[in-house]
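Residue strings, one per chain:
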Amino acid sequence: MKKLLLAAMCALLVSWKPPIDLGKVAKAKKGAELVAGASHKINEEEEYHIGRAVAANILGQYPLWKNGELTRYLNLIGRILALRSGRPEIYGGYHFAMLDAPEANAFSAPGGIIFLTRGIVAMAADEDELAAVLAHEIQHIVVKDPLKAIRSQRLKALGTFTAGEAVGSSSGAFGVFQDSIMDISGTLLQKGYSRGQEKDADLGALKLLAAAGYDPGALLDMLKKIQAVEKKKLKAFSAHPSAAKRIAYVGGNVAAADPALRRARAARFEKFAAGR
Amino acid sequence: MKKELLFTFLLAAAALALLAGNALVVQVLRSNLSSKPDFLSASLSPLQKGDRLERIETQGSWYLVRNARGAKGYIHQSAVTASKVTLGSIAPGPKGASPDELALAAKGFDEANEKKLRNSKGYNFSDLNWVMEQEVAVPALAQFIRDGRLK
Ligand SMILES: [Zn+2]
């Protein structure tokens, strides 16, 4: 018993730090302008919570297509790609689902909740093309692109709350939470990421497809279809650079794959396609 | 004599803290202690958020670790973070909130704020629950990889 008490005391002495950096709080209280050090690095658990909220927000705008069998097929493809990605394990695990919307599109909420519209699912001619869309979205999650859409002023604002405000029913922290959701949803649904972020996601997707055994050429095949839709002036991946631009940099980077392997997945895709 | 004992103990604790570079903590809700550095290998034991592990060595992007019960196995780097011993891990703070929880609440991206959001217009958490319930077991994934000639 005494030993336990001693051990607890030692651990306290060695490692206890105040939960909130009082120096930062004091600085923050002084003026409206904050030092950059007061902003927070978003951890895995916070990413999960903001991701759930963004996903619920997307589901508030698009109806979920609750097809268990097709959703399971997407989750099998998506999970394999995630396992071969630079971020295989994520707080709440990767989840893939379909939205009942005719336009071709896909969205990744923070924490790995990924949506494909019925339009893009209908456009895919085989499993590798579905995988190509999923691989691009997973790459956004690997490099945490959705979190980068949160304006830095939000996180700086969080640093200004005192312990009491944060623990109590602070409308301030809740306000920042809501504003951050809007920053991300606005970027996913309308504004879009930067050209550089999209290019990285495409080039990363090519490597990811190859690592999982899919044909990287499927991304190019998919982009050509999106280009055809764009030529008809219809909506497709509206928050992304044009398909023509994406084809220009993807085209030169596609590694050759064995077409026989791609055909090996034809039968199970046919089963999936029948349910679309 | 008793003072000496206390001093020795303090020294040992300080040394342990310095060695804490090998102490890892699971940072995802659920993971596995794998028999091989491969997600599709057999699970030796399920792991959950907060479980403490001791790193034995690094193999690529995997760690060979030992769990609290002494079992050795592998875990991927993305599932763990370096361990910090906090007051909260030793004793609950006032009203049960640990310093970790306080720090998290200070940031506002948490369960409590999600609950507030459930009453807001424009959010559909019931459909989200359906999405989050869609799980794929490892044997099914392994089968899917074999059948589709994937890697
Ligand atoms: Zn994108």
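What this report covers is the structure whose coordinates are included nearby. (Residues numbered from 1 in each chain as written. Chains lettered and ligands numbered in written order. Predicted model: local features only at pLDDT ≥ 70, side-chain atom pairs only at ≥ 80, totals over all residues. Heavy atoms only, no water.)

Observations regarding the overall build of chain A
From N to C terminus, chain A includes 15 helices and 4 strands. With 276 residues in all, chain A has 56% of them scored as buried. Within chain A, residue pairs in contact and separated by at least 24 positions form 73% of the contacts whose partners lie at least 6 positions apart. Accessible surface, chain A as shown: approximately 11700 Å² in total, 57% of it carbon and sulfur. (Helix = DSSP H or I, 4+ residues; strand = E, 2+ residues; numbered from the N terminus. Buried < 20%, exposed > 50% of the residue type's maximum accessible area, 1.4 Å probe, protein only. Contact = heavy atoms within 4.5 Å. Areas by Shrake-Rupley, 256 points an atom, 1.4 Å probe, with all protein chains shown as cover.)

Side note on the overall build of chain B
Summing up its helical and strand segments, chain B has 6 helices and 7 strands in all. Its helices and strands in sequence order give chain B the pattern α-β-β-β-β-β-β-β-α-α-α-α-α, from N to C terminus. Among the 151 residues that make up chain B, the fraction classed as buried is 37%. For chain B, the computed accessible surface area is about 8900 Å², with 57% contributed by carbon and sulfur atoms.

Remarks on the pairing of strand S5 (residues 62–66) of chain B
Residues and elements named next belong to chain B. Most of S5 is tucked away, with 4 of its 5 residues classed as buried. In terms of strand pairing, strand S4 (residues 52–59) meets S5 through 5 bridges, oriented antiparallel. The residue bridging arginine 55 from the neighbouring strand is valine 65, located in S5. Counted between consecutive antiparallel strands, the loop separating S4 from S5 contains 2 residues, among which glycine 60 sits at a positive phi close to 65 degrees. Sheet topology places S5 next to strand S6 (residues 72–76); 5 bridges connect them, and they run antiparallel. Looking across to S6, one finds that tyrosine 63 is bridged to isoleucine 75. Taking the residues that link successive antiparallel strands as the turn, the S5-S6 hairpin has 5 residues, and the phi of glycine 70 there is positive, at about 90 degrees. (Pairing = 2+ DSSP bridges.)

Describing the coordination of the zinc ion
Residues and elements named next belong to chain A. Surrounding the zinc ion are the protein donor atoms His136 (NE2), His140 (NE2), Glu198 (OE) and His240 (NE2), at 2.1 Å. Each of the 4 donor atoms around the zinc ion contributes to a set of angles spanning 88 to 161 degrees, which defines the coordination as irregular. Between consecutive donor residues of the zinc ion, the sequence gaps follow H-x3-H-x57-E-x41-H. Placement of the pair is histidine 136 and histidine 140 together in helix H6 (residues 127–142), with a separation of 4 residues, close to one helical turn. One exposure class covers both histidine 136 and histidine 140, and it is buried. (Donors = N, O, S within 2.8 Å, 3.2 Å for Na, K, Ca; no water. Tetrahedral: all angles 85-135°; square planar, octahedral: opposite > 155°, others 65-115°.)

Things to note about the nonpolar core
One finds Ile77, Leu81, Leu116, Ile120, Leu130 and Tyr214 of chain A to be the most contacted residues of the largest nonpolar core, which totals 61 residues. It is helix H4 (residues 68–83) of chain A that contributes the most residues to this core, 9 residues altogether. When we break this core down by domain, the ones giving at least three residues each are domain 1 (1–93) and domain 2 (97–151) of chain B. Setting aside residues up to four positions removed in sequence, leucine 81 of chain A forms contacts with Ala131, Leu134, Ala135, Ile138, Leu208, Leu209, Ala212 and Tyr214 of chain A. Judged by nonpolar contacts, the second largest core, of 41 residues, contains Ala109, Ala173 and Leu189 of chain A together with Met132 of chain B. (Core = buried A, V, L, I, M, F, W, Y, C linked by side-chain atoms within 4.5 Å. Domains from an automatic or database assignment.)

Remarks on helix H11 (residues 195–212) of chain A
All names here are of chain A. The terminal C-alpha atoms of H11, which comprises 18 residues, lie 26 Å apart, in line with the 26 Å expected from a rise of 1.5 Å per residue. Along H11, the residues that are buried comprise Gln197, Glu198, Ala201, Asp202, Gly204, Ala205, Leu206, Leu208, Leu209 and Ala212. Turning to H11, the residues buried within the fold contact H4, H6, helix H7 (145–148), helix H12 (217–231) and helix H13 (243–251). (Expected span 1.5 Å × (residues − 1).)

Side note on the sheet that holds strand S2 (residues 95–99) of chain A
Residue and element names in this part refer to chain A. Strand order in this open sheet of 4 strands is S1-S2-S4-S3, and the pairing throughout is mixed. At either margin of the open sheet sits one strand with a lone partner, and together these are strand S1 (64–65) and strand S3 (106–109). Two strands pair when backbone bridges link them, and S2 and strand S4 (residues 113–117) are joined in this way by 5 bridges, in the parallel orientation. Looking at S4, one finds that leucine 99 is bridged to threonine 117. Lying on the sheet, helix H3 (residues 44–61) is in contact with S1, S2, S3 and S4; it crosses S4 at an angle near 20 degrees. (Axes fitted to C-alpha atoms, helices over the stretch in contact; angles between N-to-C directions.)

Description of the layout of surface pockets
Size it by volume and the second largest pocket reaches roughly 600 Å³. As for the second largest pocket, its lining consists of 30 residues, and the residues nearest its centre are Arg79 and Glu89 of chain A together with Arg30, Ser31 and Asn32 of chain B. For the lining of the second largest pocket, the secondary-structure elements that each account for two or more residues are H4 of chain A together with strand S2 (30–34), S6 and helix H6 (138–147) of chain B. With 4 residues, S2 of chain B is the single largest residue contributor to the lining of the second largest pocket. Split by residue class, the lining of the second largest pocket holds 17 nonpolar, 9 polar and 4 charged. Composition of the lining of the second largest pocket by domain shows at least three residues from each of domain 1 (1–93) and domain 2 (97–151) of chain B. (1 Å grid on protein atoms, 1.4 Å probe; cavity = no way out; pocket = protein on both sides within 12 Å on 5 of 7 lines; lining within 4 Å. Points joined across faces, edges and corners; volume = space filled by probe spheres on them. Nonpolar A, V, L, I, M, F, W, Y, C, P; charged D, E, K, R; others polar.)

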